Amino acid sequence: MPSRLHFGEDDFLRCRFAISPLWETQEVVRTLKRPDRHGYHTPWLRRIRTAAAELDLTPLWLLMPRRGHSPDWLGPPPLGPAATFEEEIAAVRASDPVAARADTAKSLASTPGALESAHGRAWMRDPVLMVRELSDAMEEVWRTLVAPDWPRLRALLEADVAFHSRRLAEVGLGGLLPEISRRFGWDAGTLTVEHRGEHERRLEGQGLVLMPSVFIWPDVVSTYDPPWQPTLAYPARGIGGLWAEPDDRTSDSLVRLLGRGRAAVLAALDEPATTTALAHRLGLAPSSVSAHLTVLRDAGLLTARRYGHQVLYERTPLGIALSGTHSGARGTARQAPTGPQTTTALPAERRGVAYGSDT
């Protein structure tokens, strides 16, 4: 059954993109329990298998029913376009225990027997303890499983936002939303989201948060009950190449022209990225990458633009033409995915599910 979000005139002025490390942390936990999500992340899952096995994820999984409600307070809408995990988890820790208890009880009711479980009974008796325990659990997942790869994840999410922001300027919101996902429909100011569950809401001037996610595939999520700002989470573009290791080979001609360091930086910019992400990807010091980026930008091979606290670099047409002399199949392979649907070795299930506020 579809969900429908009805836009008023003011809602168009309050739509924004956001990236949430807290959301990705929550979706990592969910993905570990969902084999149908593993297709794109097999290399990463192999790498983190031992660390994940040492975590007790049972309390968090108890609040992640396959169909039903997940607590909004534990993964609220992003505070801003580029909030840090530390900022987001601090807001979770500051949750009102009474409201968190009611929200958690609604989630537990979605899983038979959950309210009567040891965790469920303890949380209902002591919501202050519940907020602390679940916040601690989320922070441990972040520190152990997500933070080491966050520069790579953030680079992909920022590239998605950069691409869709440009498309928003070109085709408007009504044209953009169906492009983001085949499960989004737009008609006369109403957004229809095809997934399991049914939800109808008038935005009433709150607007909409559009949030790409690395780990959400194959789902799309229309989520959050009032008073939270409505949020639409969707699979980020290009996740098919997320865990691919970079090709260290750079053509001799490009190296002779630019030098090995600058040639490597130019070749690595198949999609917009920050200095930190490039340094992580190439195994170079951020100061060295920053110096190379400055030279390439001054030469007209790159452009730079600010997104929140980050500066994203991407190749100009001249930079694309120059890097194309050596990128060959590698560039094609990384740029080809325009969405998760383009990768072939995937789980069979392609239907979305709804959670958060949907049932």
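Here's a quick rundown of the structure. (Residues numbered from 1 in each chain as written. Predicted model: local features only at pLDDT ≥ 70, side-chain atom pairs only at ≥ 80, totals over all residues. Heavy atoms only, no water.)

Observations concerning the pairing of strand β4 (residues 190-194)
Here is step 1: Where burial is concerned, most of β4 is hidden: four out of the five residues are buried.
Here is step 2: Both strand β1 (residues 2-6) and β4 contribute to a ladder of five bridges, which runs antiparallel. Residue pairing across strands places S3 opposite V193, the latter belonging to β4.
Here is step 3: One ladder, built from four bridges, connects strand β3 (residues 184-187) with β4; its direction is antiparallel. When the sheet's bridge partners are listed, F184 is paired in β4 with V193.
Here is step 4: Hairpin geometry of β3 and β4 is characterised by an intervening segment of two residues between the two adjacent antiparallel strands and by a positive phi of about 50° at A188. (Buried < 20%, exposed > 50% of the residue type's maximum accessible area, 1.4 Å probe, protein only. Helix = DSSP H or I, 4+ residues; strand = E, 2+ residues; numbered from the N terminus. Pairing = 2+ DSSP bridges.)

Focus: the packing of aromatic side chains
Here is step 1: All chains considered together, the criterion is met by eight aromatic pairs.
Here is step 2: An angle of 50° between the planes, with centres 5.1 Å apart, marks the rings of W44 and F215 as tilted. Separated by 171 residues along the polypeptide, W44 in helix α2 (residues 42-53) and F215 in the loop between β6 (209-213) and β7 (221-223) bring together distant segments of the chain. For the residue pair W44 and F215, the accessibility class agrees, reading buried in each case.
Here is step 3: With a centroid separation of 4.6 Å and 5° between ring planes, the pair formed by F85 and W142 is classed as stacked. Of this pair, F85 sits in helix α4 (residues 85-93) while W142 sits in helix α7 (residues 127-146); the two residues are 57 residues apart in sequence, bridging distant segments of the chain.
Here is step 4: Residue placement shows R237 over the ring face of F163; its charged tip is 3.7 Å from the ring centre. (Phe/Tyr/Trp six-rings, centres within 6.5 Å; stacked < 30°, edge-to-face > 60°. Lys NZ or Arg CZ within 6 Å of the ring centre and 35° of its normal.)

Quick notes on the packing of helix α5 (residues 97-108) against α7
Here is step 1: At a minimum axis separation of 8 Å, α5 and α7 run at an interaxial angle of 75°. When the axis of α5 is compared with that of α7, the two are roughly perpendicular. Across the interface between the two elements, P97, A100, R101 and T104 from α5 touch P127, V128, M130 and V131 from α7.
Here is step 2: Split by residue class, the contact of α5 with α7 holds six nonpolar, one polar and one charged. (Axes fitted to C-alpha atoms, helices over the stretch in contact; angles between N-to-C directions. Parallel < 35°, antiparallel > 145°, perpendicular 65-115°, else oblique. Contact = heavy atoms within 4.5 Å. Nonpolar A, V, L, I, M, F, W, Y, C, P; charged D, E, K, R; others polar.)

Description of the packing of helix α10 (residues 260-268) against helix α12 (residues 286-298)
Here is step 1: Across the interface, α10 lies against α12 with an axial gap of 9 Å and an inter-helix angle of 75°. Regarding the angle of α10 to α12, the classification is roughly perpendicular. Along its contact with α10, which presents G261, R262, V265 and L266, the element α12 presents H292, L293, V295 and L296.

Focus: the sheet that holds strand β8 (residues 231-235)
Here is step 1: The four strands lie next to each other as β2-β6-β8-β7, forming an open sheet whose pairing is mixed. At either end of the open sheet lies a strand with only one pairing partner, and these are β2 (16-17) and β7.
Here is step 2: Where β2 meets β6, two bridges bridge the pair, whose relative direction is parallel. In the strand pairing of β6, R16 is matched with V209.
Here is step 3: Set on the sheet, helix α1 (residues 21-32) makes contact with β6, β7 and β8; between it and β6 the angle comes to about 50°.
Here is step 4: Strands β2, β6 and β8 of the sheet are contacted by helix α8 (residues 150-180), whose axis makes an angle of about 130° with β6.

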